[in-house]
Amino acid sequence: NSKVIQTPRYLVKGQGQKAKMRCIPEKGHPVVFWYQQNKNNEFKFLINFQNQEVLQQIDMTEKRFSAECPSNSPCSLEIQSSEAGDSALYLCASSLPGWNERLFFGHGTKLSVL
Amino acid sequence: QQQVRQSPQSLTVWEGGTTVLTCSYEDSTFNYFPWYQQFPGEGPALLISILSVSDKKEDGRFTTFFNKREKKLSLHIIDSQPGDSATYFCAASDTNAYKVIFGKGTHLHVLP
């Protein structure tokens, strides 16, 4: 059973609407990742955090994606203005610090943009 | 370029047979290679991993082999079971990056 909790499990939005999903990492894991997995199973790394600080992120040139991991609150990923191409499974993972640490994934949030 | 390539895209084996999945990469800075298993409706879970200082790691029915010179690795599953039916992802990372690069996966179907 996954100890990384993602909510909601399913999210349906219209084009142009905001889409927000949340993630509670496994207890004691300070590193959090967000990945987008499309219908072809391709993973796209979005962003990662250590505690509340961003470690790495892709060039979100469209600026439609934002993410944060505030202390004592769930991490979140928000799409400001959803597009059909954003339909995917959004996976959150957490880990201990270290470049070769195991990632523990949640079940994901399946976003459908109509 | 940070890419991880997997083959085959899909594979069907009979129960009790041996499954072989392969993976290749280009970036010579990669030195950690995990394999993740994903069932429908779930997130991926770590199956087995290997560091570039090793050439083989075994865990029960699962063995991963690493060839640094050829930049290739493989996952062998002996005595494949229907419960092994899942999508398997090869991944890679290096000491300078926290992000893990995933391949496109191999969908494995084990027939009883």
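Keep in mind the model is a prediction, meaning the values are calculated, not measured.

Reading the values: rules and limits
- Residues numbered from 1 in each chain as written.
- Chains lettered and ligands numbered in written order.
- Predicted model: local features only at pLDDT ≥ 70, side-chain atom pairs only at ≥ 80, totals over all residues.
- Heavy atoms only, no water.
- Helix = DSSP H or I, 4+ residues; strand = E, 2+ residues; numbered from the N terminus.
- Rg over C-alpha atoms; globule rule 2.2 N^0.38 Å.
- Contact = heavy atoms within 4.5 Å.
- Areas by Shrake-Rupley, 256 points an atom, 1.4 Å probe, with all protein chains shown as cover.
- Lys, Arg positive; Asp, Glu negative; His and termini not counted.
- Charge placed at Lys NZ, Arg CZ, Asp CG, Glu CD.
- Salt bridge = Lys/Arg side-chain N within 4 Å of Asp/Glu carboxyl O.
- Buried < 20%, exposed > 50% of the residue type's maximum accessible area, 1.4 Å probe, protein only.
- Pairing = 2+ DSSP bridges.
- Axes fitted to C-alpha atoms, helices over the stretch in contact; angles between N-to-C directions.
- Buried area = accessible area lost by both parts, 1.4 Å probe.
- Polar contact = N/O pair within 3.5 Å; in protein donor to acceptor, adjacent residues only side chain to side chain.
- Nonpolar A, V, L, I, M, F, W, Y, C, P; charged D, E, K, R; others polar.

Caption draft 1: Geometry of the overall build of chain B. The helix and strand inventory of chain B stands at 0 helices and 11 strands. Taken over C-alpha atoms, the radius of gyration comes to 13 Å for chain B, in line with the 13 Å a tight globule of 112 residues would show. Taken along its principal axes, the extent of the C-alpha atoms in chain B is 45 × 30 × 20 Å. Across chain B, contacts joining residues at least 24 apart in sequence account for 52% of those joining residues at least 6 apart. In the structure as shown, chain B presents an accessible area of about 5,400 Å², 49% of it carried by carbon and sulfur atoms. Between the averaged position of the 10 positive side-chain charges in chain B and that of its 11 negative side-chain charges there is a distance of 9 Å.

Caption draft 2: Seen up close, the environment of alanine 93 of chain A. All names here are of chain A. Along the polypeptide, alanine 93 turns up in strand E9 (residues 88-95). Along the chain, alanine 93 and proline 25 lie 68 residues apart, while their C-alpha atoms are 7.0 Å from each other. Not counting residues within four places of it along the chain, the set of residues in contact with alanine 93 comprises Val31, Val32, Phe33, Leu103, Phe104 and Phe105.

Caption draft 3: Structural view of the pattern of salt bridges. Across all of its chains, the model carries 7 salt bridges over all chains by this definition. Where arginine 5 of chain B meets glutamate 26 of chain B, a salt bridge forms, and the shortest distance between an N and an O atom there is 2.3 Å. With arginine 5 of chain B in strand E1 (residues 4-7) and glutamate 26 of chain B in the loop between strand E3 (19-25) and strand E4 (32-38), the pair connects residues that are 21 residues apart, well separated along the chain. What makes arginine 5 of chain B partly exposed here is its relative accessible area of 41%. The closest approach of N and O atoms between lysine 56 of chain B and glutamate 58 of chain B, which form a salt bridge, is 3.9 Å. Classification of glutamate 58 of chain B by relative accessible area gives exposed; the value is 54%. One network of salt bridges, in which partners are shared, links Arg64, Glu83 and Asp86 of chain A.

Caption draft 4: Expanded view of the sheet that holds E1 of chain B. Residue and element names in this part refer to chain B. Spatial strand order, E1-E3-E8-E7-E6: 5 strands in an open sheet with antiparallel pairing. Only two strands of the sheet have a single partner each, and these edge strands are E1 and strand E6 (56-59). With strand direction ignored, the average angle separating the axes of adjacent strands in the sheet is 15°. When E1 meets E3, the two strands line up antiparallel, connected through 4 bridges. Counted as the bridge partner of arginine 5 is serine 24 from E3.

Caption draft 5: Here's a closer look at the sheet that holds strand E8 (residues 75-79) of chain A. Residues and elements named next belong to chain A. One open sheet holds the 4 strands; their spatial order is E1-E3-E8-E7, and the pairing between them is antiparallel. Because the sheet does not close on itself, it has two edges, and the strands there are strand E1 (5-7) and strand E7 (65-68). Direction aside, neighbouring strands of the sheet carry axes that sit 15° apart on average. Sheet topology note: the E1/strand E3 (residues 19-24) ladder contains 3 bridges and is antiparallel. Paired with glutamine 6 across the strands is cysteine 23, a residue of E3.

Caption draft 6: Fine view of the interface of chain B and chain A. Tallying the contact residues gives 23 residues for chain B and 26 residues for chain A. When chain B packs against chain A, close to 2,000 Å² is buried across both sides, 60% of that on carbon and sulfur atoms. For the interface between chain B and chain A, the tally reads 1 salt bridge. The salt bridge partner of lysine 104 of chain B is glutamate 42 of chain A, with a shortest N-O separation of 3.1 Å. For the pair chain B and chain A, the interface holds 5 residue pairs in polar contact (both at pLDDT 80 or more). Those elements that provide at least two residues to the side of chain B that touches chain A are E4, strand E5 (45-51) and strand E9 (86-92) of chain B. Of all the elements, E4 of chain B adds the most residues to the side of chain B that touches chain A, at 3 residues. In terms of residue class, the side of chain B that touches chain A is built from 10 nonpolar, 9 polar and 4 charged.

Distances and angles like these do not, on their own, reveal function.
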